[in-house]
Structures are given as structure tokens and as C-alpha cells.
Amino acid sequence: MAEAIYVGGLLVATPLLDDPNFRRSVVLILEHDQDGGTLGVVLNRPSDISVTQVLPVWDPLVTGPSVLFEGGPVQTDSALALAAVPSGQEPLGWRRLHAGTPAVSRLGTVDLDAPPEILQGEIAQMRIFAGYAGWSSGQLESEIAEGAWYVVDSEAGDTFHADPRALWRHVLRRQRGELAFVATCPDDPTMN
């Protein structure tokens, strides 16, 4: 039985998933439609490309590390930004995720074509992702049923985690029961 997929939830790659695009990844679900498929961004893949190299006007608003994140293998030449607002306001240039979970209630996408000045002082945190992860209708459900992904709840600090490379273990460690033990799985199980 596949677990419920929902906007604001996390997809955490199981140790069985060895696709290099998603190995040990944590994906925040941004859109999910039973008929249209699912879209998300990988939260734990900071790149070596600084924001100033690609979108310098947005660098002052970006939450560290000030680099582009590899959001996924789809449209890697385009950028998508997520930002959190400090209050329930919806500033110009920002669109709330349609999620029912409190952890992401203040999270939304940023219009990178808008002037950054309109969001100065309006957002608390921001990250920019090159590309995104996408699944056609039924594809993600099949991958979950095959054991490629865990579906877990997100927490407020996940999107802007201070140590993104440690996010996979961090998210698994806080789960209940046997799932927490997966966090101790070595990078290469054959070396165990």
C-alpha cells in the first residue's frame, strides 16, 4: 500500500534507491495532483555554484550557504526559489504552497523575475534551486510501492537546514520505530 503523497511532505530516498539523481536525497513536495503528477525539489544537494554567479541580485536574500541547490534532474537550466515569510502575510512576488501542514504554512515560491527589492524585509529565509524533480501521474506511487521512497512529515527547519548534506540522516533519525535506524545505514552497505 502506497503512503499518502501531499504538498509539504518529504520524500526520503531509501537506501535501495541508487539512482544518482536521488541517492540519499530529501525531496520537498511542492505540487501533487492525482491526474497530473508530482513536482518537488531536492533539499540536500548544495552545488558549488554561488548565487552571485547566476542570480547576483538575489544573493542578499539567500539563506546560507549562498549557493544554488540541485533541485532535481528536470529543467536544470531553470531556477526555482523557495522562501519563508515571517508572518501570515503574502508579499508581492511570493506565492504560498497549497499545503495543509503547519511546518510549511509560511513557505512559498518566489517569482525570480520580480525585483528583489519588493521582497526585501518581507521574507525570512530563501534558497534557489536549479531544476526540480518531477513524476508523471502514478509514477511516484509506483516508486514508493517498490521501496524507493519513504514519505514522512516535514518540519519547519528542513527546507533551510543549516547543514543540508546532513539532512537525510537528520530526517530519518527523528522518525519513530525502525525507520530511525535507517539513518545509521552506511553510505556503501557492502563496506559494512
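In this text, all values refer to a predicted model and were calculated from it rather than measured experimentally.

Analysis parameters
Counting from 1, residues in each chain are numbered in the order their sequence is written. Local features are withheld for residues below a pLDDT of 70 in this predicted model, meaning they are given only at 70 or higher, and side-chain atom pairs are given and counted only at 80 or more; totals for whole chains, interfaces and linings count all residues. Here the side-chain values reflect all heavy atoms present in the structure, with hydrogen atoms and water set aside. Stacked, tilted and edge-to-face pairs are distinguished by plane angle, under 30 degrees for stacked and over 60 for edge-to-face with tilted covering the rest, among Phe, Tyr and Trp rings (Trp via its six-membered ring) whose centres lie within 6.5 Å. Helix numbering and strand numbering both begin at the N terminus, where a helix is a DSSP run of H or I of at least 4 residues and a strand a DSSP run of E of at least 2. Accessible area is worked out with a 1.4 Å probe on protein chains only. A residue is then buried under 20% of its type maximum, exposed over 50%, and partly exposed in between. When DSSP finds two or more bridges between two strands, those strands count as paired. Salt bridge, as used here: a side-chain nitrogen of Lys or Arg that lies within 4 Å of a carboxyl oxygen of Asp or Glu.

Caption draft 1: Geometry of the packing of aromatic side chains. Inspection of every chain in the model, using the stated rule, returns four aromatic pairs. Ring centres of Trp135 and Trp149 lie 5.9 Å apart, and the angle between their planes is 90°; on these two criteria the pair is classed as edge-to-face. With Trp135 in strand E9 (residues 125-135) and Trp149 in strand E10 (residues 149-152), this residue pair connects regions lying 14 residues apart in the sequence. By relative accessible area, which is 2% here, Trp149 ends up buried. Pairwise contacts between aromatic rings join Phe22, Trp135 and Trp149 into one cluster.

Caption draft 2: Examining the pairing of E10 more closely. On E10, burial covers both faces: Trp149 and Val151 on one face and Tyr150 and Val152 on the other are all buried. When strand E1 (residues 10-13) meets E10, the two strands line up antiparallel, connected through four bridges. Across the sheet, the residue bridging to Leu10 is Val152, located in E10.

Caption draft 3: A look at unusual backbone geometry. For the peptide bond that leads from Gly64 to Pro65, omega is -5°, which places it in the cis range. Summarising the element assignment, Pro65 is placed in the loop between helix H1 (51-54) and strand E5 (67-70). The backbone phi angle of Arg24 is positive, close to 55°, even though this residue is not glycine. By the secondary structure assignment, Arg24 is in the loop between E1 and strand E2 (26-33). According to the relative accessible area criterion, Arg24 is buried, its value standing at 12%. The phi dihedral of Gln75 falls on the positive side, at around 45°, and the residue is not glycine. With respect to the helices and strands, Gln75 occurs in strand E6 (residues 74-84).

Caption draft 4: The pattern of salt bridges, seen in detail. The final tally for this structure, using the stated rule, is three salt bridges. The partner of Glu90 in a salt bridge is Arg96, with the nearest N and O atoms 3.0 Å apart. Linking Arg174 and Glu155 is a salt bridge whose minimum nitrogen-to-oxygen distance equals 3.3 Å. With Arg174 in the segment after helix H3 (167-173) and Glu155 in the loop between E10 and H3, this pair connects stretches of sequence that are 19 residues apart. The exposure class assigned to Glu155 is partly exposed, which follows from its relative accessible area of 42%. When salt bridges with common partners are traced through the structure, they connect Glu155, Asp158 and Arg174 into a single cluster.

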